[in-house]
Amino acid sequence: MCFSDAAGSAPVLFFDLSGAGMSDAPGTKPLVVFRDVHLGFDEGEVLRGISFEIAEGETKILLGESGSGKTLILKLAAGLVRADSGEIMVMGQNIEAMSETQLLEFRRQIGFVFQEGALFDSLSVADNVAFRLHEENVAESEIDERVREALRFVEMEQAIDKFPDELSGGMRRRVSIARALVNKPSIVFYDSPTAGLDPVTSQTIITLIMRLRDTLGVTSTVATHRLQDAFGLANYRFDADSDKVVALPKNGGSSPTHPTNVIVLREGQIYFQDAADTLLKSKDAYLKQFLASAE
Amino acid sequence: MTLDSSDTQSFFGLVSDSLKRQVLAFQDYTLLAVRAIANVFTPPWYWTDTMSQMDAIGVGSLPIVVTAGFFIGVVLLLQTAAQFQRFGETALTGDIVSLALVRELGPTITALLVAGRNASGIASELGSMVVTEQVDAMRALGTDPYRKLVTPRVVATILMLPLLTAIADLVGLIGGFLVSALQLRLAPAEFWHRAINVLSFGDLMQGGAKPLIFGLIISTVGCYFGLAVRGGTQGVGRATTTAVVVSSVAIIVADSFLSKLFLYMF
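All of the points below concern the structure found in this document. (Residues numbered from 1 in each chain as written. Chains lettered and ligands numbered in written order. Predicted model: local features only at pLDDT ≥ 70, side-chain atom pairs only at ≥ 80, totals over all residues. Heavy atoms only, no water.)

1. A closer look at the nonpolar core
Then, number 1: Judged by nonpolar contacts, the single largest core of 82 residues is most densely connected at A:Phe34 and A:Leu76.
Then, number 2: Residues within four places of A:Phe34 in sequence aside, it is in contact with A:Ile50, A:Ser51, A:Phe52, A:Ile73, A:Leu76, A:Ala77, A:Glu87 and A:Ile88. (Core = buried A, V, L, I, M, F, W, Y, C linked by side-chain atoms within 4.5 Å. Buried < 20%, exposed > 50% of the residue type's maximum accessible area, 1.4 Å probe, protein only. Contact = heavy atoms within 4.5 Å.)

Quick look at the structure:
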């Protein structure tokens with residue numbers, strides 16, 4: 001397993017730590033388990049009995065209308081929000097039973113990409129990406145190497161000394177992805193990574209997620225309202241040898257090594273949960289309407 | 001027009017809800033303040049952030065504190081001199097300026113100035129971080145925002161406010177001295193001798209301890225309202241205004257209790 005840089009030149013081996021963090025072999029054990037999770041606010045219950053599993057190496061796409069609870073599911077999985085009831089297991093750990101101090105330690109093993117990037121605006125791109133490494137007192141020479149490598153992966157090494165307000169929306173998302181993966185997480189949560197971006201930039205972001213999935217085996221959960229994101233991830237894969245995105249065989253389902261499945265949320269509940277192909281062929285009236293309106 | 005039972009119930013329901021919210025807010029504020037202080041005693045410590053905040057709060061507030069302190073000393077002497085001249089006791093102006101500045105005006109005015117500048121600054125900075133999800137991002141990266149953002153600001157304000165107060169006191173005395181020398185033709189030695197000798201240990205304790213409490217109030221109120229921001233940029237604006245109002249009122253209320261306490265103790 002290795003990172004291949006943007007130009008397709010010699011692979012960088014820094015992330016190649018066998019057995020630690022990212023893996024290229026999909027497992028059968030679920031990395032994320034939600035069991036009958038409920039969450040409500042003053043306005044009423046937002047999530048009503050959410051149950052699903054995400055296997056190691058799998059990419060799960062959360063689709064749904066605005067306010068259907070996609071972001072909340074990601075934040076619950078990362079322990080950023082507490083559920084009212086139900087069980088949430090991530091990487092074998094019961095999130096709901098952990099204290100905030102334990103959660104801080106746990107979150108160092110995961111990656112989270114926020115909707116607008118959520119870069120620290122008083123820090124440079126380099127310091128943003130190096131944030132977690134500084135917290136862990138990693139040696140400066142190693143920090144520089146790892147930051148450059150992560151930025152090279154998202155094709156943003158040239159912006160290393162810039163500040164977030166000097167970057168476009170798409171560039172901020174890419175830096176945010178670099179920040180999320182600098183610590184070699186086993187799983188990355190993406191909260192609407194393409195929201196508000198133009199189609200070309202959106203495609204760049206989806207390609208990055210695809211590269212992480214197909215070259216490093218990172219388990220991903222992507223909350224999005226864009227069907228193109230879901231079907232792009234489900235129907236294409238990144239070929240590291242040719243450094244290109246290639247289509248998967250038609251009717252062959254998603255990648256056998258890194259499967260991609262879709263969850264459609266409706267009014268705080270899971271309405272559909274299966275492969276993207278099945279969603280497309282569904283005769284259900286709501287799903288057909290949802291697909292038509294989201295296009 | 002009479003109120004029926006449902007109107008009465010809804011009225012009491014609203015009052016009850018409002019009271020509950022206030023109690024919960026006070027509970028959250030207290031927890032934040034306790035947590036900010038408790039973090040000082042356990043690692044990790046963010047010394048660089050603390051130094052940076054000391055620079056922003058301490059050095060940044062110096063110009064307004066020096067200016068205000070000087071003119072408070074000037075005004076104080078002008079006002080008291082007019083009264084003392086009637087009794088031919090202008091020599092006592094040094095006493096009154098010194099006591100008023102060290103015991104009361106120095107700590108309170110400095111705290112109010114710093115509250116106006118820094119409680120708003122802290123609330124708007126943290127509030128902006130909340131609405132742009134930077135605080136959540138910090139938590140997602142495994143860093144405790146209370147340690148990284150709140151504790152350095154609290155420590156910096158608590159350490160800087162007594163120093164700023166001491167500077168305001170000194171500059172105020174210089175302002176008073178200049179007026180006494182130029183207008184009352186008081187001998188410099190007499191002014192400074194009286195101004196220094198009138199101060200007892202209790203006065204210095206009062207002048208030194210009050211800023212510590214005021215610093216805690218300014219920083220924790222600013223952090224609390226900043227981190228409690230809801231409702232985007234409008235919420236940031238509201239939090240900023242509320243932080244200044246609440247911290248200013250809290251300083252004046254705390255000052256009256258502290259004055260009574262110190263007068264009782266010394």
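There's more to say after this.
2. Here's the deal with the pattern of salt bridges
Then, number 1: Counted under the stated rule, the structure contains 24 salt bridges over all chains.
Then, number 2: A salt bridge links A:Glu116 to A:Arg173; its shortest N-O distance comes to 3.7 Å. Taken together, the positions of A:Glu116 in the loop between strand E6 (110-113) and helix H3 (125-129) and A:Arg173 in helix H6 (residues 169-181) put the pair 57 residues apart, joining distant regions of the chain.
Then, number 3: Overall, the relative accessible area of 3% leaves A:Arg173 in the buried class.
Then, number 4: Several salt bridges converge on common partners, so that one network encompasses A:Lys75, A:Glu100, A:Arg107, B:Glu133, B:Asp136 and B:Arg139. (Salt bridge = Lys/Arg side-chain N within 4 Å of Asp/Glu carboxyl O. Helix = DSSP H or I, 4+ residues; strand = E, 2+ residues; numbered from the N terminus.)

3. Overview of the packing of helix H7 (residues 201-227) of chain B against helix H8 (residues 232-265) of chain B
Residues and elements named next belong to chain B.
Then, number 1: The interhelical angle for the contact between H7 and H8, taken along N-to-C directions, is 155°, at an axis separation of 9 Å. With respect to their mutual orientation, H7 and H8 come out roughly antiparallel. For the pair H7 and H8, the crossing hand works out as right-handed. Between H7 and H8, the contacting residues are Met205, Gln206, Ala209, Lys210, Ile213, Phe214, Ile217, Ile218, Val221, Gly222 and Phe225 on the first element and Ala239, Thr242, Ala243, Val246, Ser247, Ala250, Ile251, Ala254, Asp255, Leu258, Ser259 and Phe262 on the second. (Axes fitted to C-alpha atoms, helices over the stretch in contact; angles between N-to-C directions. Parallel < 35°, antiparallel > 145°, perpendicular 65-115°, else oblique. Left-handed = near helix turned anticlockwise from the far one by under 90°.)

4. Some remarks on the interface of chain B and chain A
A common way to state how big an interface is: give the accessible area lost once the parts meet.
Then, number 1: At the junction of the two partners, chain B supplies 16 residues and chain A supplies 18 residues.
Then, number 2: Summing the contributions of chain B and of chain A, the shared interface buries around 1600 Å²; its carbon and sulfur component is 56%.
Then, number 3: At the junction of chain B with chain A, the criterion picks out 3 salt bridges.
Then, number 4: Between A:Lys75 and B:Asp136 there is a salt bridge, and its shortest N-O distance comes to 3.3 Å.
Then, number 5: In terms of residue count, helix H4 (residues 134-140) of chain B provides more of the side of chain B that touches chain A than any other element does, 6 residues in total.
Then, number 6: Considered class by class, the residues forming the side of chain B that touches chain A number 6 nonpolar, 4 polar and 6 charged. (Buried area = accessible area lost by both parts, 1.4 Å probe. Nonpolar A, V, L, I, M, F, W, Y, C, P; charged D, E, K, R; others polar.)

5. Some points on a nonpolar patch on the surface
Residues and elements named next belong to chain B.
Then, number 1: On the surface, a cluster of nonpolar side chains totalling about 690 Å² of accessible area is made up of Phe201, Met205, Leu261, Tyr264, Met265 and Phe266.
Then, number 2: Elements with a contribution of two residues or more to the nonpolar patch: H7 and H8.
Then, number 3: Among the elements that take part in the nonpolar patch, H8 stands out by supplying 3 residues, more than any other.
Then, number 4: With respect to the element layout, Tyr264 can be found in helix H8.
Then, number 5: Its relative accessible area of 71% is what places Tyr264 among the exposed residues. (Patch = residues over 30% accessible without salt bridge, like charges linked within 9 Å, V, L, I, M, F, W, Y side chains within 5 Å. Areas by Shrake-Rupley, 256 points an atom, 1.4 Å probe, with all protein chains shown as cover.)

6. Brief notes about the pairing of strand E9 (residues 236-239) of chain A
For a regular strand, side-chain orientation follows a simple rule: the groups alternate between the two sheet faces.
All names here are of chain A.
Then, number 1: As paired strands, E9 and strand E10 (residues 244-247) are joined by 4 bridges and run antiparallel to one another. Pairing of Phe238 across the sheet is with Val245, part of E10.
Then, number 2: Between E9 and E10, which pair antiparallel one after the other, the connecting turn spans 4 residues, and Asp243 there sits at a positive phi close to 60°. (Pairing = 2+ DSSP bridges.)

7. What to know about the sheet that holds strand E7 (residues 187-191) of chain A
Residue and element names in this part refer to chain A.
Then, number 1: If you walk across this open sheet you meet the 6 strands as E6-E7-E8-E3-E11-E12, and the pairing is mixed. If you trace the sheet from one side to the other, it starts and ends with E6 and strand E12 (269-275), each paired once. Geometrically, the sheet is characterised by an average inter-axis angle of 15° between neighbouring strands, direction not taken into account.

8. Observations concerning helix H10 (residues 285-294) of chain A
All names here are of chain A.
Then, number 1: Among the residues making up H10, those that are buried are Tyr286, Leu287, Phe290 and Leu291. One face of H10 carries all of its buried residues, which in axial projection span an arc of 130°. H10 presents Ala285, Gln289, Ala292 and Ser293 as exposed residues on the side facing more than 90 degrees away from its buried surface.
Then, number 2: Contacts made by the buried residues of H10 are with strand E3 (59-64), helix H8 (227-235), strand E11 (260-266), E12 and helix H9 (276-281).
Then, number 3: For H10, the N-terminal capping position is held by Asp284, with its side-chain oxygen 2.9 Å away from the main-chain nitrogen of Tyr286. (Arc of directions from axis to C-beta. Polar contact = N/O pair within 3.5 Å; in protein donor to acceptor, adjacent residues only side chain to side chain.)

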